[in-house]
Amino acid sequence: AGHELTRRGALLVVEGLDRAGKSSQCEKLGDYLSQQGHTVKYIRFPDRTTPIGKLIDSYLRGSTNQEDHSIHLLFSANRWEIAKSIQEDISNGITIIVDRYSYSGAVYSAAKANPTLSLEWAWQPEIGLPRPDLCLFLSISAEEAAKRGGYGAERYENETMQTRVRELFRSLFNRQEDVAIINAGKSLKEVSKDIQVAVSKCVERLNVIGPLRVLG
Ligand code: 2DT
Ligand code: MG
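Note that the structure is predicted; figures quoted are calculated from it, not measured.

What counts, and at which threshold
Numbering of residues starts from 1 in every chain and runs along the sequence as written. By the order in which they are written, chains take letters starting at A while ligands take numbers starting at 1. Confidence filtering applies because this is a predicted model: local features only for residues at pLDDT of at least 70, side-chain atom pairs given and counted only at 80 or more, and all residues used for totals across whole chains, interfaces and linings. Hydrogens and water are ignored here; the side-chain numbers use all heavy atoms of the structure. Here, nonpolar core means buried Ala, Val, Leu, Ile, Met, Phe, Trp, Tyr and Cys residues that are tied together by side-chain atoms lying within 4.5 Å of each other. Each residue's exposure class comes from its accessible area (1.4 Å probe, protein chains only) as a fraction of the maximum for that residue type: buried when under 20%, exposed when over 50%, partly exposed otherwise. Secondary structure is summarised from DSSP: a helix means a run of H or I of at least four residues, a strand means a run of E of at least two, and numbering begins at the N terminus for each. In what follows, a contact means two residues having at least one pair of non-hydrogen atoms within 4.5 Å.

Novice: It is not clear to me how the nonpolar core should be interpreted in this structure. Could you clarify?
Specialist: I86, I96, V98, Y101, Y103, V165 and F169 are the most contacted members of the largest nonpolar core, which totals 41 residues. Of all the elements in the fold, those that place two or more residues in this core are β1 (11-16), α2 (51-60), α3 (68-91), β3 (94-99), α4 (102-110), α5 (119-123), β4 (134-139) and α7 (159-174). The greatest single-element share of this core, amounting to seven residues, is contributed by α3. Those residues in contact with V98 that lie beyond four places of it in its chain are L11, L12, V13, V14, I43 and F45. Counting 24 residues, the second-largest nonpolar core is a separate cluster that includes V14, L29, L138 and C202.

Novice: Please explain α2 as it appears in this structure.
Specialist: Residues separated by three or four positions in an α-helix point in the same direction, a consequence of the helix having 3.6 residues per turn. Listed in full, the buried residues belonging to α2 are G53, I56, D57, S58, Y59 and L60. Elements that come into contact with the buried residues of α2 comprise α3. Once α2 ends, the next one or two residues include G62, with phi positive near 85 degrees.

In C-alpha coordinates:
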(Lines give C-alpha, C1' and ligand atoms only; values in the text may rest on other atoms or scores of the structure.)
(Ligands and ions follow the chains in the order given, each with its own letter.)
Protein backbone atom coordinates (compact mmCIF):
# COMPACT_ATOMS: atom_id res chain seq x y z
CA ALA A 1 0.00 0.00 0.00
CA GLY A 2 1.23 3.47 -0.86
CA HIS A 3 1.40 6.44 1.45
CA GLU A 4 -1.48 8.82 1.33
CA LEU A 5 -0.93 12.48 1.88
CA THR A 6 -2.95 13.60 4.89
CA ARG A 7 -4.89 16.74 4.25
CA ARG A 8 -4.55 18.94 7.30
CA GLY A 9 -7.53 19.63 9.54
CA ALA A 10 -9.16 23.01 9.92
CA LEU A 11 -8.98 25.18 13.02
CA LEU A 12 -12.47 26.61 13.55
CA VAL A 13 -13.31 28.96 16.39
CA VAL A 14 -16.77 29.86 17.68
CA GLU A 15 -16.99 33.14 19.59
CA GLY A 16 -19.75 35.23 21.08
CA LEU A 17 -21.36 36.53 24.22
CA ASP A 18 -22.89 34.30 26.86
CA ARG A 19 -26.24 32.85 25.67
CA ALA A 20 -25.37 33.34 21.98
CA GLY A 21 -25.70 29.55 21.58
CA LYS A 22 -22.01 28.67 21.21
CA SER A 23 -22.12 25.24 22.84
CA SER A 24 -25.18 24.01 20.93
CA GLN A 25 -23.78 25.31 17.64
CA CYS A 26 -20.37 23.72 18.26
CA GLU A 27 -22.11 20.39 18.77
CA LYS A 28 -24.22 20.76 15.61
CA LEU A 29 -21.19 21.79 13.59
CA GLY A 30 -19.26 18.79 14.88
CA ASP A 31 -22.07 16.43 13.83
CA TYR A 32 -22.25 18.05 10.40
CA LEU A 33 -18.52 17.81 9.73
CA SER A 34 -18.36 14.21 10.98
CA GLN A 35 -21.14 13.29 8.55
CA GLN A 36 -19.03 14.87 5.80
CA GLY A 37 -16.24 12.45 6.70
CA HIS A 38 -14.02 14.75 8.76
CA THR A 39 -12.39 13.67 11.98
CA VAL A 40 -13.50 16.27 14.48
CA LYS A 41 -12.39 17.24 17.94
CA TYR A 42 -14.11 19.75 20.23
CA ILE A 43 -12.16 21.83 22.73
CA ARG A 44 -13.01 24.88 24.81
CA PHE A 45 -11.23 27.72 26.53
CA PRO A 46 -10.73 28.22 29.34
CA ASP A 47 -9.69 24.56 29.69
CA ARG A 48 -10.51 24.29 33.38
CA THR A 49 -8.89 20.85 33.78
CA THR A 50 -5.20 21.87 33.79
CA PRO A 51 -3.42 23.36 36.84
CA ILE A 52 -3.64 26.84 35.24
CA GLY A 53 -7.26 26.12 34.31
CA LYS A 54 -8.07 25.36 37.94
CA LEU A 55 -6.78 28.80 38.98
CA ILE A 56 -8.96 30.35 36.26
CA ASP A 57 -11.98 28.32 37.37
CA SER A 58 -11.73 29.47 40.97
CA TYR A 59 -11.32 33.06 39.78
CA LEU A 60 -14.42 32.83 37.55
CA ARG A 61 -16.48 31.32 40.37
CA GLY A 62 -15.42 34.16 42.62
CA SER A 63 -13.61 31.93 45.13
CA THR A 64 -10.34 33.76 44.51
CA ASN A 65 -9.29 37.21 43.33
CA GLN A 66 -6.51 37.92 40.84
CA GLU A 67 -4.94 41.12 39.58
CA ASP A 68 -6.38 42.01 36.11
CA HIS A 69 -3.15 41.66 34.10
CA SER A 70 -2.14 38.56 35.98
CA ILE A 71 -5.39 36.66 35.30
CA HIS A 72 -5.25 37.84 31.70
CA LEU A 73 -1.86 36.20 31.24
CA LEU A 74 -3.11 33.00 32.88
CA PHE A 75 -5.97 32.79 30.35
CA SER A 76 -3.37 33.22 27.60
CA ALA A 77 -1.01 30.67 29.18
CA ASN A 78 -3.95 28.25 29.23
CA ARG A 79 -4.00 28.49 25.42
CA TRP A 80 -0.21 28.26 25.07
CA GLU A 81 -0.09 25.06 27.11
CA ILE A 82 -2.38 23.40 24.55
CA ALA A 83 -1.01 25.10 21.40
CA LYS A 84 1.37 22.29 20.50
CA SER A 85 -1.28 19.59 20.67
CA ILE A 86 -3.55 21.76 18.47
CA GLN A 87 -0.75 22.03 15.87
CA GLU A 88 -0.18 18.27 15.97
CA ASP A 89 -3.85 17.35 15.64
CA ILE A 90 -4.31 19.75 12.73
CA SER A 91 -1.32 18.31 10.86
CA ASN A 92 -2.67 14.80 11.51
CA GLY A 93 -5.85 15.73 9.65
CA ILE A 94 -8.08 16.43 12.64
CA THR A 95 -10.46 19.37 12.42
CA ILE A 96 -10.77 21.21 15.72
CA ILE A 97 -13.81 23.19 16.83
CA VAL A 98 -12.85 25.64 19.56
CA ASP A 99 -15.42 27.18 21.90
CA ARG A 100 -13.88 30.64 22.73
CA TYR A 101 -10.29 31.58 21.95
CA SER A 102 -7.95 34.60 21.90
CA TYR A 103 -10.79 36.93 20.91
CA SER A 104 -12.67 36.31 24.18
CA GLY A 105 -9.31 36.55 25.90
CA ALA A 106 -8.59 40.07 24.64
CA VAL A 107 -12.14 41.38 24.83
CA TYR A 108 -13.16 40.27 28.34
CA SER A 109 -9.95 41.62 29.88
CA ALA A 110 -10.16 44.93 28.01
CA ALA A 111 -13.81 45.28 29.07
CA LYS A 112 -12.64 45.79 32.67
CA ALA A 113 -11.67 49.34 31.69
CA ASN A 114 -8.39 49.09 33.57
CA PRO A 115 -6.37 52.09 32.28
CA THR A 116 -3.25 49.98 31.57
CA LEU A 117 -5.15 47.07 30.02
CA SER A 118 -6.17 48.13 26.52
CA LEU A 119 -7.39 45.82 23.77
CA GLU A 120 -3.97 46.26 22.10
CA TRP A 121 -2.12 45.28 25.27
CA ALA A 122 -4.42 42.32 25.80
CA TRP A 123 -3.79 40.99 22.29
CA GLN A 124 0.01 40.82 22.60
CA PRO A 125 0.38 37.46 24.42
CA GLU A 126 -1.84 35.85 21.75
CA ILE A 127 0.67 36.60 18.98
CA GLY A 128 2.20 33.35 17.73
CA LEU A 129 -0.63 31.05 18.79
CA PRO A 130 -2.22 28.79 16.12
CA ARG A 131 -4.31 31.01 13.89
CA PRO A 132 -7.90 29.93 13.23
CA ASP A 133 -8.80 29.28 9.58
CA LEU A 134 -12.19 30.71 10.41
CA CYS A 135 -13.71 32.47 13.39
CA LEU A 136 -17.49 32.34 13.57
CA PHE A 137 -18.82 35.22 15.64
CA LEU A 138 -22.32 34.45 16.91
CA SER A 139 -23.85 37.88 17.20
CA ILE A 140 -26.95 38.61 19.31
CA SER A 141 -28.40 41.93 20.39
CA ALA A 142 -28.63 42.94 24.04
CA GLU A 143 -32.43 42.64 23.75
CA GLU A 144 -32.28 39.09 22.38
CA ALA A 145 -29.72 38.13 25.04
CA ALA A 146 -32.02 39.46 27.77
CA LYS A 147 -34.94 37.46 26.34
CA ARG A 148 -32.89 34.27 26.57
CA GLY A 149 -32.86 34.42 30.34
CA GLY A 150 -31.01 35.73 33.33
CA TYR A 151 -27.32 35.90 33.93
CA GLY A 152 -25.42 33.11 35.62
CA ALA A 153 -23.53 33.46 38.86
CA GLU A 154 -20.00 33.68 37.45
CA ARG A 155 -17.80 36.73 37.28
CA TYR A 156 -18.47 38.80 34.09
CA GLU A 157 -22.10 37.61 33.93
CA ASN A 158 -23.66 41.04 34.45
CA GLU A 159 -25.14 43.76 32.28
CA THR A 160 -22.23 46.25 32.51
CA MET A 161 -19.61 43.70 31.44
CA GLN A 162 -21.76 42.17 28.70
CA THR A 163 -22.44 45.57 27.14
CA ARG A 164 -18.73 46.44 27.04
CA VAL A 165 -17.84 42.98 25.76
CA ARG A 166 -20.37 43.34 22.92
CA GLU A 167 -18.84 46.67 21.84
CA LEU A 168 -15.28 45.37 22.03
CA PHE A 169 -16.07 42.20 20.04
CA ARG A 170 -17.49 44.46 17.32
CA SER A 171 -14.41 46.68 17.15
CA LEU A 172 -12.04 43.68 17.26
CA PHE A 173 -13.86 41.79 14.49
CA ASN A 174 -14.02 44.88 12.30
CA ARG A 175 -10.27 44.62 11.84
CA GLN A 176 -9.78 40.84 11.76
CA GLU A 177 -9.63 38.69 8.65
CA ASP A 178 -11.18 35.23 8.39
CA VAL A 179 -14.20 36.16 10.50
CA ALA A 180 -17.79 35.25 9.63
CA ILE A 181 -20.36 37.28 11.52
CA ILE A 182 -23.37 35.06 12.07
CA ASN A 183 -26.73 36.47 13.11
CA ALA A 184 -27.41 34.26 16.13
CA GLY A 185 -30.78 35.84 16.82
CA LYS A 186 -32.43 33.35 14.44
CA SER A 187 -33.59 29.83 15.30
CA LEU A 188 -31.09 27.11 16.23
CA LYS A 189 -31.68 25.43 12.87
CA GLU A 190 -31.27 28.57 10.77
CA VAL A 191 -28.11 29.56 12.62
CA SER A 192 -26.57 26.12 12.15
CA LYS A 193 -27.36 26.29 8.42
CA ASP A 194 -25.61 29.68 8.14
CA ILE A 195 -22.61 28.27 10.01
CA GLN A 196 -22.45 25.25 7.68
CA VAL A 197 -22.36 27.51 4.63
CA ALA A 198 -19.53 29.62 6.06
CA VAL A 199 -17.55 26.57 7.18
CA SER A 200 -17.98 24.67 3.89
CA LYS A 201 -16.49 27.58 1.96
CA CYS A 202 -13.52 27.68 4.31
CA VAL A 203 -12.93 23.91 4.34
CA GLU A 204 -13.05 23.69 0.53
CA ARG A 205 -10.30 26.29 0.34
CA LEU A 206 -8.04 24.46 2.81
CA ASN A 207 -5.80 22.74 0.26
CA VAL A 208 -5.04 26.14 -1.28
CA ILE A 209 -4.56 27.89 2.03
CA GLY A 210 -1.48 25.84 2.93
CA PRO A 211 -0.20 25.11 6.42
CA LEU A 212 -1.75 26.41 9.60
CA ARG A 213 -0.55 29.95 10.27
CA VAL A 214 -0.03 31.81 13.53
CA LEU A 215 -1.82 34.81 15.00
CA GLY A 216 -0.16 38.15 14.31
P1 2DT B 1 -17.30 30.06 29.53
O2 2DT B 1 -18.62 30.63 30.00
O3 2DT B 1 -17.26 29.84 28.05
O4 2DT B 1 -16.84 28.87 30.32
O5 2DT B 1 -16.20 31.20 29.77
N6 2DT B 1 -12.84 34.38 29.22
C7 2DT B 1 -12.65 33.33 28.39
C8 2DT B 1 -11.82 35.31 29.48
O9 2DT B 1 -12.00 36.25 30.24
N10 2DT B 1 -10.62 35.13 28.86
C11 2DT B 1 -10.38 34.08 28.01
O12 2DT B 1 -9.26 33.96 27.47
C13 2DT B 1 -11.44 33.14 27.76
C14 2DT B 1 -11.21 31.99 26.84
C15 2DT B 1 -15.35 34.56 29.06
C16 2DT B 1 -16.00 31.72 31.04
C17 2DT B 1 -15.69 33.20 30.98
O18 2DT B 1 -14.29 33.40 30.75
C19 2DT B 1 -14.12 34.53 29.92
C20 2DT B 1 -16.42 33.99 29.92
MG1 MG C 1 -20.37 31.29 30.71
